[in-house]
Amino acid sequence: MRIHPVGIALVFAIVLSCSSTASTQTKQPSKSSSVTSSDPAHDLSGVWMLDHTRPLTVVERFWMYELNEEEPPMTAWGEAQYKAAKSSFGTRSYPLAETNDPIYHTCTPPGYPRVILHPFPMQVIQAPGEVIMLFEYDSVRHQIFTDGRAHDTSLGPLWMGDSIGHWEGDTLVVDTVNFNDRTWLDRIGHPHSDQLHVIERFRRTAHDHLVDDITIDDPKAYAKPWTARLEFKLQPWKLTEQFCEDGESFMGLEKKEASQGK
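Residues numbered from 1 in each chain as written. Predicted model: local features only at pLDDT ≥ 70, side-chain atom pairs only at ≥ 80, totals over all residues. Heavy atoms only, no water.

Caption draft 1: Up close: the overall build of the chain. Of regular secondary structure, the chain possesses 6 helices and 9 strands. Every one of the 262 residues in the chain was classed for burial, and the buried ones make up 38%. Summed over all atoms, the accessible surface of the chain reaches about 14,400 Å², with 56% contributed by carbon and sulfur. (Helix = DSSP H or I, 4+ residues; strand = E, 2+ residues; numbered from the N terminus. Buried < 20%, exposed > 50% of the residue type's maximum accessible area, 1.4 Å probe, protein only. Areas by Shrake-Rupley, 256 points an atom, 1.4 Å probe, with all protein chains shown as cover.)

Below, the structure written as structure tokens:
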């Protein structure tokens, strides 16, 4: 069959047009992907360390292990628990042999939010439906579900609590409940009960700066909810393996810090 030259030209033009469109479509996702990956909204990933806005003296540095510079208003129960705490840090510190800090003698997990206050990095990893915080300290993890689920009320009391979160603009709002009462809130010895409710608002204020606004609500331990702010600096590090069973991997550093703070 003989094809008219005009038909050949028409087919050739259609092929070129399709080829050009496919080429354009192939390039567009690359450009779109680049824009998305550089957008800081909803991106908290990275390795972070606690950041202080100015150099601290040794005494100030150890006070900073508290969540708040002012004493939160305690109930009678909370006050009794706090007075019974024998911390190796702060102005009323005890020798390590006398401290009743749970983490020293029984390999007890530090709990949440206390684990954030230890001088070790944490890594934030994001995946569909969840945000995971990995802590170098004792290789602890903290999982935050962002897929719309409710709290799992079937779980028993937990060291790190049960966390769910959602995004409000560029801020990750995290709600954590279902704690046991076997940890301290900080390294000074502020207590909490199994009624502890922690609300956090994480946001990246700059590429290398992360802010965590915390609300502590525990009606058994505190007369009213109180707030604190923690700030973090992005670091070009990777986490190493640390476990309490290894002893000197981090307990030695804890002892060294305690002795320097006295």
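Caption draft 2: Seen up close, the confidence of the model for the chain. On average, the chain scores 80 in pLDDT, and the residues at 70 or more come to 73%. This stretch, residues 1–39, has a pLDDT under 50; its non-local contacts, to residues over four places away or in other chains, come to 1 contact. (pLDDT = per-residue confidence, 0-100. Contact = heavy atoms within 4.5 Å.)

Caption draft 3: Summary view of the environment of Leu-155. The residue Leu-155 is located in the loop between strand E4 (141–145) and strand E5 (162–168) in this model. Distance in space between the C-alpha atoms of Leu-155 and Asn-178 is 7.8 Å, their sequence separation being 23 residues.

Caption draft 4: Geometry of empty space enclosed by the protein. This model, assessed by the stated rule, comprises 3 cavities of 30 Å³ or more. Of the volumes computed, that of the largest cavity is approximately 50 Å³. Lining the largest cavity, in full, are Leu-44, Met-122, Val-124, Val-131, Met-133, Ile-144, Leu-172, Phe-202 and Leu-210. The volume enclosed by the second largest cavity comes to roughly 40 Å³. Counting residues per element, the ones that place at least two in the lining of the second largest cavity are strand E1 (46–50) and helix H5 (114–117). Ranked by residues supplied to the lining of the second largest cavity, first place goes to E1 with 3 residues. (1 Å grid on protein atoms, 1.4 Å probe; cavity = no way out; pocket = protein on both sides within 12 Å on 5 of 7 lines; lining within 4 Å. Points joined across faces, edges and corners; volume = space filled by probe spheres on them.)

Caption draft 5: Here's a closer look at the nonpolar core. Within the largest apolar cluster, 39 residues are counted, with the highest numbers of intra-cluster contacts made by Leu-67, Tyr-112, Met-122, Met-133, Phe-135 and Ile-216. Those elements that provide at least two residues to this core are helix H4 (102–105), H5, strand E2 (122–127), strand E3 (130–135), strand E6 (171–177), strand E7 (197–206), strand E8 (209–217) and strand E9 (226–235). Per element, the largest residue contribution to this core is 4 residues, and it comes from E9. (Core = buried A, V, L, I, M, F, W, Y, C linked by side-chain atoms within 4.5 Å.)

Caption draft 6: Representation of the pattern of salt bridges in the model. On inspection of all chains with the given rule, the structure shows 7 salt bridges. Measuring nitrogen to oxygen at the nearest pair gives 2.7 Å for the salt bridge that ties Arg-149 to Asp-147. Under the relative-accessibility criterion, Asp-147 is labelled partly exposed at 43%. With a closest N to O distance of 2.9 Å, Arg-203 and Asp-213 form a salt bridge. Taken together, the residues span a long stretch of sequence, with Arg-203 in strand E7 and Asp-213 in strand E8 at a distance of 10 residues. You can call Arg-203 partly exposed: its relative accessible area is 23%. Three or more residues joined by partner-sharing salt bridges are found here, namely Arg-203, Asp-213 and Arg-229. (Salt bridge = Lys/Arg side-chain N within 4 Å of Asp/Glu carboxyl O.)

Caption draft 7: How the structure looks around the pairing of E1. The buried fraction of E1 amounts to 4 of the 5 residues, a majority that puts the element mostly inside the structure. When E1 meets E2, the two strands line up antiparallel, connected through 3 bridges. Considered in E2, the bridge of Gly-46 is made with Val-124. Across 4 bridges, the pairing between E1 and E9 is antiparallel. The residue of E9 that forms the bridge with Val-47 is Gln-235. (Pairing = 2+ DSSP bridges.)

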